[in-house]
Amino acid sequence: GLKCCGQSRGLRSIAPRPFQAFASVRMAYSAEFREKMAAAGLHEVFCEGWVQLYEKFCDGDKGMIPEDAIEPVTELPELDSLPEGDAELLGKTVVLKLNGGLGTGMGLDKAKSLLKVKGDDTFLDLIAKQILKLREQYPVRFMLMNSFSTEDDTRAFFTEKYPEIADAWESDVSFMQNMSPKVDAETKKPVSWPEKPGCEWCPPGHGDIYAALVCSGKLDQLLDQGYEYVFVSNSDNLGATMDLRLLGYLASTNAPMLMEVCVRGEDDKKGGHLAMQKGSGILTLRESAQCPKEDEKAFQDIKKHTFFNTNNLWLNLKLLKEAMVGGVLPLPLIVNEKKVDPSSKENPGPKVYQLETAMGAAISSLPGSQAICVPFERFAPVKTCNQLFALRSDAYVISEEFKPVLAEGACKPVVDFDDNYKMVPDLEAATPNGVPSLKACKKITVKGKVIFGPKVEIRGEVAILNGDKEGPTPTITGTIKGSADKLRILRDADDGEVHLLGAAPAVSAS
């Protein structure tokens with residue numbers, strides 16, 4: 001008989017196709033997510049944007065960017081070639097720091113920015129001092145995007161130490177990033193974890209900044225108050241300071257976004273890179289989670305894909321507002337697989353998907369955006385205890401602009417510690433007397449547990465290897481010589497000094 005709308009005359013309805021059935025299930029699950037987010041008090045604009053990501057994910061979009069969809073970026077303007085911008089622009093500019101991270105990967109349970117990085121100064125001390133120094137000459141607006149995990153600690157810190165910033169906390173300084181529900185990997189439904197309900201939620205990625213500015217009302221407030229530009233960076237990147245050349249370039253080109261990028265080195269090959277969409281020439285970002293397995297070799301080819309995003313971004317607020325249809329800026333999906341409670345070794349729970357977006361990915365959603373190649377000194381994040389160890393040493397000093405810079409005559413030390421020092425408490429247990437002098441150190445490698453005694457100095461390239469996992473932790477002293485069972489120091493042939501190690505009280509080399 002004649003078929004019409006899925007039926008044959010005189011026959012029963014044909015069974016729905018699998019994708020039709022899945023579509024109806026997807027809609028039901030979308031409703032569950034909306035209900036859960038609404039109950040948590042999340043703004044409707046954010047909820048709708050997140051559900052769009054979820055439905056893309058359900059439709060099979062894993063956010064992948066294959067190699068054959070992009071072209072390399074081969075040439076960019078360099079910061080040193082830009083003229084100085086007009087200082088009057090600072091009165092229309094906001095300095096905004098992303099401050100939502102807890103630093104759990106480094107063993108922290110409070111705002112990572114409250115970690116001491118140089119003497120008694122935390123990240124936030126140095127940021128506050130940078131801002132107050134700027135304000136001696138220009139009326140620069142300062143803002144923080146906090147998370148539910150960092151807001152209270154951060155506000156208490158500023159109230160105690162920098163009341164001139166804390167006084168305008170709610171009106172001018174702080175706004176909150178949103179939070180995303182985790183997706184149960186097996187069912188695609190909202191994950192349920194009653195024994196620790198907080199684990200049902202995760203940060204949405206720093207791409208949330210755009211929705212958070214809208215949901216908090218801050219975007220409209222800034223525009224109403226005459227602000228036109230915002231400089232955004234991570235709170236753990238102390239190299240990201242105000243630069244009038246970049247601000248001037250943003251204003252003179254009328255670009256909606258300016259992205260600071262650096263040249264990739266061997267250490268950067270596993271991180272994301274800048275590229276161009278094939279055919280259109282539009283700049284885009286590809287993160288490691290967006291690279292298909294078969295393209296990993298090309299992804300890590302630093303001669304082909306030369307530049308990486310520092311996450312220092314300059315935005316034109318008027319053009320950003322125009323691009324956000326219904327308050328949402330469309331961004332590529334990033335899917336991260338994790339356990340529902342990754343901090344628990346005993347019971348991490350079922351596998352979940354975290355649906356995230358990256359702030360820099362907006363470069364492909366804001367036509368006319370540009371990238372500028374900047375020197376490495378503008379990208380000095382502290383993501384690991386290796387980097388923290390180096391920054392705390394005398395190889396770095398704090399400049400008059402409250403920015404970490406290499407000390408005069410110092411090498412840039414490469415620090416390579418094993419997982420015994422992955423967490424901050426472990427690093428601090430190994431350095432009870434402070435970090436050794438690294439001013440003349442090219443590279444220090446440490447495998448196995450050791451303790452650094454007072455006034456230790458490391459010179460050249462040194463490897464300290466302790467294979468003894470049972471005995472007492474040996475102490476390193478002096479300017480280094482000698483060996484102990486299962487403990488070796490590899491050093492240059494012309495290093496004739498004694499470096500006494502041992503479980504007994506340390507004795508400095510004479």
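By convention here, each chain's residues receive numbers from 1 onward along its written sequence. Residues qualify for local features only when their pLDDT is at least 70, as the model is predicted, and side-chain atom pairs are given and counted only at 80 or more; totals for whole chains, interfaces and linings, by contrast, use all residues. To obtain the side-chain values, all non-hydrogen atoms of the structure were included, while hydrogens and water were left out.

A. Spotlight on the overall build of the protein chain. Put simply, DSSP H or I for four residues or longer makes a helix, DSSP E for two residues or longer makes a strand, and each gets a number counted from the N terminus. When you go through the protein chain residue by residue, the secondary structure sums to 13 helices and 27 strands. Note on exposure labels: buried denotes an accessible area under 20% of the residue type's maximum, exposed denotes more than 50%, and partly exposed covers the range between, all computed with a 1.4 Å probe on protein chains only. Looking at the 510 residues of the protein chain, the share that counts as buried comes to 50%. Counted over contacts in the protein chain with a minimum sequence separation of 6, partners at least 24 positions apart contribute 72%. In this description, contact between two residues means that some pair of their heavy atoms is separated by no more than 4.5 Å.

B. Broad picture of the sheet that holds strand S17 (residues 334-339). Two strands qualify as a pair provided DSSP detects at least 2 bridges between them. Taken together, three strands build an open sheet; the order of strands is S10-S18-S17 and the sheet is antiparallel. A strand with exactly one partner marks an edge of an open sheet, and here the two such strands are strand S10 (183-184) and S17. Where S17 meets strand S18 (residues 351-356), six bridges bridge the pair, whose relative direction is antiparallel. The residue bridging isoleucine 334 from the neighbouring strand is glutamate 356, located in S18. Seen against the sheet, helix H2 (residues 44-58) touches S10, S17 and S18 and runs at an angle of roughly 125° to S18. Inter-axis angles, ranging from 0 to 180 degrees, are taken between N-to-C directions of lines fitted to C-alpha atoms, where helices are fitted over the stretch in contact.

C. Just the nonpolar core, in detail. The biggest cluster of nonpolar side chains holds 69 residues, and the ones touching the most others in it are Phe158, Ile444 and Phe452. The biggest single contributor to this core is helix H3 (residues 123-135), with six residues. Beyond its immediate sequence surroundings of up to four residues, phenylalanine 452 is in contact with Phe389, Ala430, Thr431, Pro432, Asn433, Pro436, Ile444, Val446, Ile464 and Ile476. Here, the term nonpolar core denotes a set of buried Ala, Val, Leu, Ile, Met, Phe, Trp, Tyr and Cys residues that are joined through side-chain atoms within 4.5 Å.

D. Representation of the pattern of salt bridges within the structure. Whenever Lys or Arg places a side-chain nitrogen within 4 Å of a carboxyl oxygen from Asp or Glu, that contact is recorded as a salt bridge. Evaluation of the coordinates by the stated rule reveals 24 salt bridges. Note that arginine 34 is salt-bridged to glutamate 48, the shortest N-O span being 2.8 Å. One end of the pair, arginine 34, is in helix H1 (residues 18-39); the other, glutamate 48, is in helix H2, and 14 residues separate them in sequence. The partly exposed category is assigned to glutamate 48, whose relative accessible area is 29%. Note that glutamate 337 and lysine 351 form a salt bridge whose closest N and O atoms lie 3.4 Å from each other.

E. Representation of the packing of H3 against helix H4 (residues 151-161) in the model. Two numbers describe how H3 lies on H4: the axes approach to 11 Å, and their chain directions differ by 55°. With respect to their mutual orientation, H3 and H4 come out oblique. Like other packed secondary-structure pairs, H3 and H4 cross with a definite hand, here right-handed. Residues Leu124, Asp125 and Ala128 of H3 form the contact with H4, whose own contacting residues are Thr154, Phe157, Phe158 and Lys161. Under this grouping Gly is polar, as are all residues other than the nonpolar Ala, Val, Leu, Ile, Met, Phe, Trp, Tyr, Cys and Pro and the charged Asp, Glu, Lys and Arg. Residue classes in the contact of H3 with H4 are distributed as four nonpolar, one polar and two charged. Under this scheme an angle from 65 to 115 degrees is roughly perpendicular, one under 35 degrees roughly parallel, and one over 145 degrees roughly antiparallel; angles in between are oblique. In this scheme the crossing of two helices becomes right-handed for a clockwise turn of the near helix relative to the far one and left-handed for an anticlockwise turn of less than a right angle.

F. Representation of the environment of phenylalanine 142. When you line up the elements, phenylalanine 142 lands in strand S7 (residues 141-146). In this structure phenylalanine 142 comes out as buried when scored by relative accessible area, which is 1%. Residues contacting phenylalanine 142, with those up to four places away along its chain left out, are Val95, Lys97, Ile127, Ile131, Arg135, Phe158, Ile165, Asp172 and Val173.

G. Representation of H2. Here the expected length of a helix is defined as 1.5 Å per residue gap, with one fewer gap than residues. With 15 residues, H2 extends 21 Å between its outermost C-alpha atoms, agreeing within 8% with the 21 Å of an ideal straight helix rising 1.5 Å per residue. Looking only at H2, the buried set comprises Val45, Phe46, Cys47, Gly49, Trp50, Val51, Leu53, Tyr54, Phe57 and Cys58. One or two residues past the end of H2 sits glycine 60, with phi positive at roughly 100°.

H. How the structure looks around the environment of leucine 132. With respect to the secondary-structure elements, leucine 132 resides in helix H3. Here leucine 132 falls in the partly exposed class, since its relative accessible area comes to 22%. For leucine 132 and tyrosine 162, which are 30 residues apart along the polypeptide, the C-alpha to C-alpha distance reads 9.5 Å. Excluding residues that lie within four positions of it along the chain, leucine 132 makes contacts with Tyr162, Glu164 and Ile165.

I. Local environment of the packing of aromatic side chains. Ring pairs shown here join Phe, Tyr and Trp side chains whose ring centres sit within 6.5 Å, with only the six-membered ring taken for Trp; geometry is labelled stacked below 30 degrees between planes, edge-to-face above 60, and tilted in between. On inspection of all chains with the given rule, the structure shows 15 aromatic pairs. With a centroid separation of 6.1 Å and an interplanar angle of 55°, the aromatic rings of phenylalanine 158 and tyrosine 162 are classed as tilted. For tyrosine 162, a relative accessible area of 7% puts it in the buried group. Taken together, Phe142, Phe157, Phe158, Tyr162 and Trp169 form an aromatic cluster joined through their ring pairs. Remark: a charge is flagged as sitting over a ring if the NZ atom of Lys or the CZ atom of Arg is within 6 Å of the ring centre and within 35 degrees of the ring normal. One residue, lysine 36, lies across the ring of tryptophan 201, its end atom 5.4 Å from the ring centre. Arginine 264 extends its terminal NZ or CZ atom over the ring of phenylalanine 299, reaching a point 5.6 Å from the ring centre.

J. Here's a closer look at the sheet that holds strand S19 (residues 370-373). Pairing in this open sheet of seven strands is mixed, and the strands run S8-S7-S4-S12-S16-S13-S19 from one edge to the other. Single-partner strands in this sheet number two, and they are strand S8 (174-176) and S19. Looking at each pair of strands side by side, their axes are set apart by 25° on average, direction ignored. As judged from the four bridges shared by strand S13 (residues 257-263) and S19, these two strands associate in the parallel manner. Looking across to S19, one finds that methionine 259 is bridged to alanine 371. On top of the sheet, H4 reaches strand S4 (93-99), S7 and S8; it is set at about 150° to S7, its chief contact.

K. Structural view of the pairing of strand S23 (residues 437-447). Of the strand pairs in this sheet, strand S22 (residues 414-417) and S23 are connected by four bridges, and their pairing is parallel. Within S23, the position partnered with valine 414 by the bridge is lysine 443. Taken together, S22, helix H13 (residues 424-430) and S23 constitute a β-α-β crossover, and its handedness is left-handed. Bridging between S23 and strand S25 (residues 457-466) involves eight bridges; their strand directions are parallel. Across the sheet, residue threonine 445 finds its bridge partner in S25, namely alanine 463. A clockwise course of the path from the first strand over the helix to the second, judged with the strands pointing away from the viewer, identifies a crossover as right-handed.

L. Structural context of the confidence of the model for the protein chain. What pLDDT conveys is the predictor's confidence in a given residue, as a value from 0 to 100. Scored by pLDDT, the protein chain has a mean of 88; 89% of the residues are at 70 or more. The model gives residues 1-21 a pLDDT under 50, and that stretch makes seven contacts with residues more than four places away or in other chains.

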